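The residues making up each chain are set out below.
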Amino acid sequence: MSATAREVMDSVINRIPPERFPTTASVFSVSSRAAGYTYEQFANLDPLEQAQFEYNVVSKNGTDHLSGSMSGTLLPEALGGKIKFREHGSPDVDEPMIENISDIDKIDLSRIRNYHHYQKSLESARYLFDMGNGVYNNYVHTWGVFTQAGLFYGEEKLMRACLRDKPAVNALLEFTFEVFKYTQDEFIDIGATIGSCADPTASGDMISKRVFEEFAAPYLKKVYDWYKSRGLHTSLHICGNIDDRIDLIANTNVDILSVDHKVDIVKAAQVLNGRAVIGGNADPVSVILDQTPADVRAFYEDLVVKLDGYPYAIMPGCSVPTSTPIANVLAMVEVAHAHKPGKYN
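These lines cover the structure that appears in this document, whether it is placed above or below.

Our focus in this paragraph is the overall build of the protein. Check the secondary structure of the protein and you find 16 helices and 9 strands. Its C-alpha atoms give the protein a radius of gyration of 19 Å, within 12% of the compact-globule value 20 Å for 345 residues. Summarising its shape, the C-alpha atoms of the protein cover approximately 55 × 45 × 40 Å along the three principal directions. Looking at the protein as a whole, 53% of its 345 residues qualify as buried. Restricting to contacts in the protein with at least 6 residues of sequence separation, those with at least 24 account for 73%. Carbon and sulfur atoms make up 48% of the accessible area of the protein, which amounts to about 14,000 Å² in all. Taking the 32 positively charged and 45 negatively charged side chains of the protein as two groups, their mean positions are separated by 3 Å.

Here helix α15 (residues 293-306) is 14 residues long and its end C-alpha atoms lie 20 Å apart, about the 20 Å a rise of 1.5 Å per residue gives. Listed as buried for α15 are Val296, Tyr300, Leu303 and Val304. End-on, the buried residues of α15 take up no more than an arc of 105°, which puts them together on one face. Check the buried side of α15 and you find it contacts α13 (265-272), β8 (277-282), α14 (284-289), β9 (312-316) and α16 (326-338).

Okay, the nonpolar core next. Within the largest apolar cluster, 103 residues are counted, with the highest numbers of intra-cluster contacts made by Phe212, Tyr227, Ile278 and Tyr300. Residue contacts for Phe212: discarding those within four places in its chain leaves Ala202, Ile207, Ala217, Pro218, Leu220, Ile238, Arg245, Leu248 and Ile249. Ranked by size, the runner-up nonpolar core spans 10 residues in total, among them Val12, Ile13, Tyr139 and Tyr344.

In this section: the packing of aromatic side chains. The description of an aromatic ring pair uses the distance of the two centres, along with the angle that the planes make with each other. Inspection of the entire model under this criterion finds 17 aromatic pairs. With centroids separated by 6.0 Å and ring planes inclined at 70°, the aromatic side chains of Phe21 and Tyr312 adopt a geometry described as edge-to-face. Placement of Phe21 in the loop between α1 (5-13) and α2 (27-34) and of Tyr312 in strand β9 is noted, with a sequence separation of 291 residues between them. With respect to class, Phe21 is no different from Tyr312; both count as buried. Aromatic pair Phe180 and Trp226: ring centres 5.3 Å apart, planes at 75°, arrangement edge-to-face. Linking Phe180 in helix α10 (residues 166-189) with Trp226 in helix α11 (residues 209-229), this pair joins segments that are 46 residues apart in sequence. Take Phe180 and Trp226: they sit in the same class, and that class is buried. Put simply, the rings of Phe177, Phe180, Tyr219, Tyr224, Trp226 and Tyr227 touch in pairs and so form one group of aromatic residues. Across the ring face of Tyr182, the terminal group of Arg113 is positioned such that the distance to the ring centre comes to 3.9 Å.

Rules used in this analysis
- Throughout this document, residue positions are counted from 1 along each chain, in the order its sequence is written.
- Under the rules for a predicted model, residues below a pLDDT of 70 receive no local features and side-chain atom pairs below 80 are neither given nor counted, while totals for whole chains, interfaces and linings still include all residues.
- Heavy atoms throughout the structure, all of them, feed into the side-chain values; hydrogens and water do not.
- Helix numbers and strand numbers start at the N terminus; a helix is a DSSP run of H or I with at least 4 residues, a strand a run of E with at least 2.
- Radius of gyration means the value over C-alpha atoms here, while the globule rule gives 2.2 Å times the residue count to the 0.38 power.
- Accessibility here uses a 1.4 Å probe with only protein chains present; expressed as a share of the type maximum, an area under 20% marks a residue as buried, one over 50% as exposed, and anything in between as partly exposed.
- Any two residues whose heavy atoms approach within 4.5 Å at even a single point are treated as in contact.
- Residue exposure ignores everything except the shown protein chains as possible cover, and the areas themselves are Shrake-Rupley values with a 1.4 Å probe.
- Here Asp and Glu are counted as negative and Lys and Arg as positive; His is not counted, and neither are the chain ends.
- Charge positions come from single atoms, namely NZ of Lys, CZ of Arg, CG of Asp or CD of Glu.
- How far a helix is expected to stretch is found by multiplying one less than its residue total by 1.5 Å.
- Of all possible arcs, the one meant is that of the directions from the helix axis to the C-beta atoms.
- Take the buried Ala, Val, Leu, Ile, Met, Phe, Trp, Tyr and Cys residues and link them wherever side-chain atoms come within 4.5 Å; each set so joined is a nonpolar core.
- Ring pairs are drawn from Phe, Tyr and Trp, using the six-membered ring of Trp, whenever the two centres fall within 6.5 Å, and their geometry is named by plane angle: stacked under 30 degrees, edge-to-face over 60, tilted for the rest.
- A ring has a charge above it when a Lys NZ or an Arg CZ is no more than 6 Å from the ring centre and no more than 35 degrees off the ring normal.

In structure tokens form, the structure reads like this:
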């Protein structure tokens, strides 16, 4: 095969069947735990060491993207809230930074770029993207605006406000969108090529389709329109069941939609009808963690057949537990490298 990892992903985004399936299997999180790092320990490594570790993992294991970002879960601390690191997995917000939405005008966004984790993340991404040398797409990841607003204000308070104080929610979301742009700019300037959001609070397990349509979907579109204006491809993952809102997501200008195991992925592909690449959707626990590499391969080989005719990327159904055997994650990569998509409908 002659196509680079970036060319494979770019091809499927442009609705041209590539030489093989693209994959964003979550090798990095599993590998970092296997190397003995907690999230906090890795975040505090020298930026060059962080970049070298990720580049080695990706180039060795055959996945198709590099990731250079600062976790949006750290943003509340940058702006005055409190976070708590767990031994494994992403940190938690211990204390939201916004008590009253009316106070958002007093928040100084320049604190973000002075925040030590932001500076480390940006420097690490600069090294990492240089190491990739154009062979890979460079992802910049963040939370979707609706989810990030919940981290700033508190999820339960946000949910109540969606019903009781819609103007305040819109003000909070507009503020969060400004934060989003402020945190993404410099990563794009140094070479990010795909803007990727996860928006779990926008799931059907959390909010109704009506609330999604009124509050979450418009800001997904604003985010993706902005990414596109900067020349990036776009990607989205929403946890849980989103069967009832695939049609709305198709109108947000997203290029890749990664879905959870709760989603009927064939029906989702039919609704998208080529307007976006579909990705997913093995259960990260019952399939990818608990079964054998042969079982994982069989699951994705079955999906490749079921999704014949639709642009598809091999991805897990959600974040893979860091205790997952690396062989199970690499089984996804093996399927991607062993199969060529047919013609798209």
